[in-house]
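Descriptive analysis of the structure
Residue-level listing of the chains:
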Amino acid sequence: MGAPKWVVAPLALLLLLQLAGASHDVRRSLEAEAATPSVPASILSPLLRTGYHFQPPMNWINDPNGPLYYKGWYHLFYQYNPKGAVWGNIIWAHSVSRDLINWMALDPAIKPSIPTDQYGVWSGSATILPNGTVAMLYTGIDRPGTNYQIQNIAFPKDPSDPLLREWVKPGYNPIAVPDAGINATQFRDPTTAWHAGDGLWRMLVGGLKPGTLRGMAILYRSRDFKHWVRAKHPLHSALTGMWECPDFFPVREPGKTDGLDTSEFGPRYKYVLKNSLDLTRYDYYTVGTYNNRTERYVPDNPTGDVYQRLQYDYGNFYASKTFYDPAKNRRVLLGWANESDSVAHDNAKGWAGIHAIPRKIWLDPSGKQLLQWPVEELDQLRGKAVSVGDKVVKPGQHFEVTGLQSYQSDVEVSFEVSSLDKAEPFDPAYANDAQKLCGMKNADVKGGVGPFGLWVLASDNLAEKTAVFFRVFKDGHGKPLVLMCSDPTKSSLTPGLYKPTFAGFVDTDISSGKISLRSLIDRSVVESFGAGGKTCILSRVYPSMAIGKDAHLYVFNNGVTDIKVSKLTAWEMKKPMMNGA
Ligand code: DQQ
């Protein structure tokens, strides 16, 4: 479900709630209690609506659905409430694009209309069939008052229509219903199906093992794409709580940036399994091996599901989905970023939710993680540019990047650390808790090497600023460890906002002293890519002063070691066509 926002609740309580199948509703009522009736004027400023991230003109949006490339068009479907700025009345809205950046809205594609989806059309995915047509698998709610979930299928009414405007639902729906081994209220979000070269189709459905906290990628198989049978065991599972929106796809050899079709199968390919963890609202993934005979997926890192967890994004980014783009031979990742202000503010604004900039993803040369980078088409929005080069930032100093309107900009910067000698000792107690470490050692806490980075969406008196930065530690063997943080705690003077510090470790070799950062700044979005896309963090912030032309951009260094900006380029970003406007 899409409703819950960033409400912090004790994990134990959430685990219990999930066992009872009730976490969403309870978190929703916690939100309602937190809502305040007074809405500051700055929150209503159109300058806090995004300029170049995907966003419909109004109302609530959550998960990307579909998505696919078809006859020259990218299709983005998404969970949408046509009646308001909170989750509810969900339908599949539909936009199309030639380049993943300029979008044109079409009529909604899928709405409740048949007995097996009359109370809800929830998330799902597209599969391109061997004859070139599309099958859309999605979750339906078929009865009132309970979120009983079943899986459905829909097809384009006219496969020759490149815009895929109308969809039909065959009479043989549903294609999968909960059996005794399934928790019926935790059974949703079918993946793109794949056939592993053996003529047998597979799809995954996210789930929770009945009576347990075991999240599952439930496996179904079919010979004809019509009759689906649940395999005896899930493709994979872990004791993490419910898995929403699973995604499963092969990747090329380490360092190769091209993508693979989901059905491309070969023993030399690694696979990625992603789940959106309902309890934490983050998207986690592992890299591993898939055996199509045993129908098991085994992560390379045996503790990768529970402890040393990799995230697509360490910030506000959830319910993501990838698709293979045959036009550019790449795999593209789309994700949803919720608001992080109150429901009262969302209602007053009349809109809630955006999508991240589409990212190309591929396997890092180490083979241990993915790399992500904004799709190259984004560069067409770059306008006026300013550059700074070879500028040393002394301990405790900062400088402003002037000459552009940075509230809607793209900033790329290469840093060079003069020495790693003064790096702070690393406390291994934080090895699996970057977020806690960053909360403790935020941008204002002086360090040895760092914190250094950007203050974005900053007011001229620096009373408001969002810090995106690195801090370097040294472990017991003298090995440097890099932490990347996005710290919005000073982002706004508006009361009542949720301002979590987000953080992730960056698995990069900083022995040369070099590290890069790219931040896509878009009014209320700060979407950052550390070390060429090794660690990504999206934050939502709502400045009250640093809005529009009053937003400033700075480079800061709050460590005791000199930092050099080898090169910084910042571009003003133009507005793409969005929804036809
Ligand atoms: N959102 C959808 C569900 C999915 C959740 C409902 C994830 O299908 O599990 O809007 O945000």
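Residues numbered from 1 in each chain as written. Predicted model: local features only at pLDDT ≥ 70, side-chain atom pairs only at ≥ 80, totals over all residues. Heavy atoms only, no water.

Counted only if it meets this: UniProt positions are given in the numbering used here, feature names are shortened, and annotations may be inferred rather than shown by experiment.
Going by what an unreviewed UniProt entry lists, the protein chain is known as fructan beta-(2,1)-fructosidase and is assigned to Aegilops tauschii subsp. strangulata. According to the UniProt record, the Catalytic activity (unreviewed entry) comment for the protein chain is "Hydrolysis of terminal, non-reducing (2->1)-linked beta-D-fructofuranose residues in fructans." Per its UniProt entry, the protein chain bears the Sequence similarities (unreviewed entry) comment "Belongs to the glycosyl hydrolase 32 family."

1. Re the sheet that holds strand β25 (residues 382-393)
Quick note on the threshold: Here a strand pair is declared whenever DSSP counts at least two bridges between the two strands. Going along the chain from the N terminus, every DSSP run of H or I of four or more residues is numbered as a helix, and every run of E of two or more is numbered as a strand. To get an axis, fit a line to the C-alpha atoms, keeping to the stretch in contact for a helix; angles then go from 0 to 180 degrees between the N-to-C directions.
Spatially, the six strands line up as an open sheet ordered β25-β37-β27-β33-β34-β35, and their pairing is antiparallel. The sheet is open, and its two borders are formed by β25 and β35 (535-540), each paired with just one other strand. Taking the axes of each pair of neighbouring strands and ignoring which way they run, one obtains an average angle of 15 degrees across the sheet. Of the strand pairs in this sheet, strand β27 (residues 408-417) and strand β33 (residues 514-522) are connected by nine bridges, and their pairing is antiparallel. Following the sheet pairing, S409 is matched in β33 by I521.

2. Side note on the site of the ligand
What counts, and what does not: We call a residue near a molecule or strand whenever a single non-hydrogen atom of that residue lies within 4 Å of it. Distance and chemistry together define a polar contact, namely a pair of N or O atoms within 3.5 Å, with one atom able to donate a hydrogen and the other to accept it when in protein, and with adjacent residues in sequence counting only for side-chain atoms on both sides. Residue-level accessible areas treat just the shown protein chains as cover; the underlying method is Shrake-Rupley with a 1.4 Å probe. Ten residues, namely Ala, Val, Leu, Ile, Met, Phe, Trp, Tyr, Cys and Pro, are considered nonpolar, four, namely Asp, Glu, Lys and Arg, are considered charged, and the remaining ones, Gly among them, are considered polar.
Surveying the vicinity of the ligand reveals 15 residues, the closest of which are D63, Q79, W87, R188 and D189. Take Q79: an N or O atom from its side chain is 2.6 Å from an oxygen atom of the ligand. Between an oxygen atom of the ligand and a side-chain N or O atom of W87, the distance comes to 2.9 Å. Out of a free accessible area of 300 Å², the ligand has 100% covered by protein chains. Where the shell around the ligand is concerned, the elements lending two or more residues are β1 (59-70), β5 (121-128) and β19 (318-325). Partitioned by chemical class, the residues of the shell around the ligand number six nonpolar, four polar and five charged.

3. Considering the pairing of strand β11 (residues 215-222)
Inclusion rule: Throughout this description, buried means an accessible area under 20% of the type-specific maximum (1.4 Å probe, protein chains only), exposed means over 50%, and partly exposed covers the range between.
The buried count for β11 comes to seven of eight residues, which makes it a mostly enclosed element. Between strand β10 (residues 201-208) and β11, which pair antiparallel in sequence order, lie six residues; one of them, G211, sits at a positive phi of approximately 75 degrees. Relative to strand β13 (residues 236-238), β11 runs antiparallel, the two being bridged by three bridges. Each residue of the ladder has a partner; that of G215, found in β13, is A238. In this sheet, strand β12 (residues 229-230) lies alongside β11 in antiparallel orientation, the contact comprising two bridges. Paired with Y220 across the two strands is R230, which belongs to β12.

4. Focus: the domain arrangement of the protein chain
Here is the rule: Delimitation of the domains relies on an automatic or database domain assignment. Contacts are residue-level and defined by heavy atoms, with any inter-residue pair within 4.5 Å sufficient. Once two parts are put together, the accessible area they lose, assessed with a 1.4 Å probe and summed over both, is termed the buried area. For this document, the term salt bridge refers to a Lys or Arg side-chain nitrogen within 4 Å of an Asp or Glu carboxyl oxygen.
Domain boundaries assigned for the protein chain yield domain 1 (60-374) and domain 2 (382-573). One C-alpha centre belongs to domain 1, the other to domain 2; they are set 32 Å apart. Taken together, the contacts link 28 residues of domain 1 with 25 residues of domain 2. Interface area for domain 1 against domain 2, summed over the two sides, is near 2200 Å², with a carbon-plus-sulfur share of 54%. Counting every contact that joins domain 1 to domain 2 gives four salt bridges. Between D507 and K368 there is a salt bridge whose closest N-O contact spans 3.5 Å. One can count 16 residue pairs in polar contact (both at pLDDT 80 or more) joining domain 1 with domain 2. At the level of elements, α3 (343-349) and β24 (370-374) are the ones that each hand at least two residues to the side of domain 1 that touches domain 2.

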